[in-house]
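Close look at the chain arrangement
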Amino acid sequence: WAVGAVVLAVAAALLVAVGPQGAGAARADTASGHRWITDRQGRALVLRGLSTASSAKGAADGMPWIEEKDVARERRALGTNFVRFLLQWRKVEPSPGTYDRTYLRQVAERVRWYGERGYHVLLDMHQDLYGPRVGGNGAPAWATETDGLTSAPTDPWELGYVEPGTVRAFDRFWGTVEGDGRDLREHYVGAVREVARHFADDDTVIGYDLMNEPWGGSVQGPAFESGPLARLYQDAIDAVRTVDRDHWLFVEPSAIGSNWGFATGLPRLDDPRGDGDAARIAYAPHLYPLPMDLGGGYTGSTKGQVDRSLRAWREQTEKTARRLGAPVVIGEFGLDTGLPGAMEYVEKVQRMADDMGAGFAYWSNDPGPWAPWDAKLRPTKLLPVLDRPAPLAVAGDPVAYGWDAAKRTLAVSWRGTAGVRGGTEVRLPARHFPKGGRVAGGVQRAWNPKSRILTLDSGPGTHSVRITPRR
Ligand SMILES: CN(C)c1ccc(C(=O)NC[C@H]2N[C@H](CO)[C@@H](O)[C@@H]2O)cc1
């Protein structure tokens, strides 16, 4: 009942408050209608990976459970090329204005593990429920001002967002309730800038996710997103650009509502790099359809509700991305793989991401029922669903791509773009392409049976390639 009350209250705030938002036009100069994050060779990146990892939230050293061998296993088993790596403000800035460079060096070591295997790393300034002092993770104790209000443990955990102490901590952070003058937001922006300073020259890092699932405390919906949240993002973007001119800045809408497909009031943000193609701001919403959040699987009457949520989510996401002039990376989607219809849902979201030209970081890489491996690191039924044929990098302007399991065909089409170097790389999992791929409509430049990466010739003009299993 309580969850329902929170949901309805926030939904009402969203539906009433979302005014006409300039949706922005799809780009006419790209086949996909949107921009792409590109690699150093100018190739459009199709980012597929895992959020790693929730275990970092409470770890004393702030590190996730993984060791280097686990990155090697992920690369072999899933062929992922992307990781959303969780950071904690409490570890970046353990006391006001003091930055823990040992922590940043430990993060850098893990970034290297990924970089040596061809991954692109998104550094995620992660929080849930503000911070440990109020039952969550993220913020340091010194930045958690509750004015003596308390936060009791809740079940489900999400109700913690309306615990008095947690609401007050957010309100003091956002300045909704005036505090002792110490501007917590300046400290937060300073911590983000310190992370960016540390990784400004690291080519494995693709960018910074400025805040995980932001929550406005007493201020909700577009009033929060177009107000305090947008101001914090703009301050963080401006601060990062004083030390890092190249990496992408990823922004998330308020978690509640947009996760489910409701509109977001996030306005366009400015990048000091410049406008248009010079700007490097990416949009990274999360996807958790409400019927599933309430425990339903992807089956029966819930399946139809989830499909409607997915359609609404895609429409709202693409509208916001156009307004921001931003490529889309689904920062999180995931579920308990034991739910009925779970694998069909994951397949559906992956196809939707293909159709959108969106990257994704599945939630999450924590061995267990939501993950591709269980507590003993044995494959779960999710693993083969994520181990899916897909392009990794497209040497031009992607037109469309997708895996047709029934026809056992991976189709990739693109327009060659002047100045883009290298070929188009696709990954062909052994489970679908045991002997590699047979290429129609294109020219195979290379095949690496170890990495399972097939490289296709590119060049000017339109390319439309279909890859089927070699017999
Ligand atoms: C009431 N609010 C603000 C709220 C409710 C529910 C979620 C959530 O389920 N989030 C989905 C997943 N994302 C986090 C990590 O980012 C995980 O802990 C959640 O399962 C978030 C916020």
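Our subject in this report is the structure included herewith.

The rules behind each value
Note on numbering: residues in each chain are counted from 1, in written sequence order. Since the coordinates come from a predicted model, pLDDT governs what is reported: local features require at least 70, and pairs of side-chain atoms require 80 or more to be given and counted, while whole-chain, interface and lining totals use all residues. Note: side-chain values were computed over all heavy atoms of the structure, leaving out hydrogens and water. Only DSSP runs of H or I with at least four residues qualify as helices, and only runs of E with at least two residues qualify as strands; both kinds are numbered from the N terminus onward. Any two residues having at least one pair of non-hydrogen atoms within 4.5 Å are treated as being in contact. Surface exposure here means Shrake-Rupley accessible area, sampled with a 1.4 Å probe, where a residue is shielded only by the protein chains that are shown. What makes a salt bridge here is a side-chain nitrogen of Lys or Arg within 4 Å of a carboxyl oxygen of Asp or Glu, nothing more. Buried, partly exposed and exposed residues are distinguished by accessible area as a fraction of the type maximum, computed with a 1.4 Å probe on protein chains only: under 20%, between the cut-offs, and over 50%, respectively. Within 6.5 Å between ring centres, the rings of Phe, Tyr and Trp (the latter by its six-membered ring) count as paired, and their orientation is classed by plane angle as stacked under 30 degrees, edge-to-face over 60, tilted in between. Counting of polar contacts relies on pairs of N or O atoms within 3.5 Å, with two restrictions inside protein: one atom must be capable of donating a hydrogen and the other of accepting it, and residues adjacent in sequence are counted only when both atoms are side-chain atoms. Nearness is defined per residue: one heavy atom within 4 Å of the molecule or strand is enough.

1. Side note on the overall build of the protein
For the protein, the count of helices and strands is twelve helices and 18 strands. Oriented by its inertia axes, the alpha-carbon framework of the protein measures out at about 70 × 50 × 50 Å. When contacts within the protein are restricted to residue pairs at least 6 apart in sequence, those whose partners lie at least 24 apart make up 74%. Surface exposure of the protein reaches about 18,200 Å², of which carbon and sulfur atoms provide 52%.

2. Observations concerning the pattern of salt bridges
Scanning the entire structure with this criterion turns up 36 salt bridges. Arginine 84 is paired through a salt bridge with glutamate 252; the nearest N and O atoms lie 3.1 Å apart. Within this pair, whereas arginine 84 is found in strand β3 (residues 82–87), its partner glutamate 252 is found in the loop between β6 (248–251) and α8 (255–258), the two being separated by 168 residues in sequence. Side by side, arginine 84 and glutamate 252 carry an identical accessibility label, which is buried. Linking glutamate 145 and arginine 172 is a salt bridge whose minimum nitrogen-to-oxygen distance equals 2.8 Å. Residue glutamate 145 is found in the loop between β4 (120–125) and α5 (164–174), and its partner arginine 172 is found in helix α5; the two are separated by 27 residues along the sequence. In this structure glutamate 145 comes out as buried when scored by relative accessible area, which is 9%. One continuous salt-bridge network, built from bridges that share partners, spans Arg84, Asp124, Asp209, Glu252 and Glu332.

3. Some words on the packing of aromatic side chains
The full count for this structure, using the stated rule, is 18 aromatic pairs. Aromatic pair tryptophan 157 and tyrosine 161: ring centres 6.1 Å apart, planes at 55 degrees, arrangement tilted. Judged by its relative accessible area of 43%, tryptophan 157 falls in the partly exposed class. Judged by relative accessible area, tyrosine 161 falls into the buried class, the value being 9%. Ring pairing ties together the aromatic residues Trp89, Tyr130, Trp142, Trp157, Tyr161, Phe170, Phe173, Trp174, Tyr188, Trp215 and Phe224, which thus form one cluster.

4. A closer look at the side chain of aspartate 271
Looking at the secondary structure, you find aspartate 271 in the loop between α8 and β7 (281–283). You can call aspartate 271 buried: its relative accessible area is 6%. A distance of 2.8 Å separates polar atoms of two side chains, one belonging to aspartate 271 and the other to arginine 241. Once you skip the residues sitting within four places of it in the chain, aspartate 271 turns out to touch Ile237, Arg241, Ala278, Ala279, Arg280 and Ile281.

5. Some remarks on unusual backbone geometry
A negative phi holds for most residues other than glycine; trans holds for most peptide bonds. Each neighbour pair has its own omega, and for aspartate 155 with proline 156 the value is 5 degrees, a cis peptide bond. Relative to the helices and strands, proline 156 resides in the loop between β4 and α5. Positioned with a positive phi, leucine 129 is a non-glycine residue whose angle comes to about 55 degrees. Within the secondary structure, leucine 129 is located in the loop between β4 and α5. Its relative accessible area of 7% is what places leucine 129 among the buried residues.

6. Here's the deal with the site of the ligand
Lining the immediate environment of the ligand, one finds 14 residues, of which His126, Glu158, Asn212, Glu213 and Glu332 sit closest. Histidine 126 places a side-chain nitrogen or oxygen 3.4 Å from an oxygen atom of the ligand. Within the side chain of asparagine 212, one N or O atom sits 2.9 Å away from an oxygen atom of the ligand. When isolated, the ligand has an accessible area of 510 Å², and the protein chains bury 91% of it.

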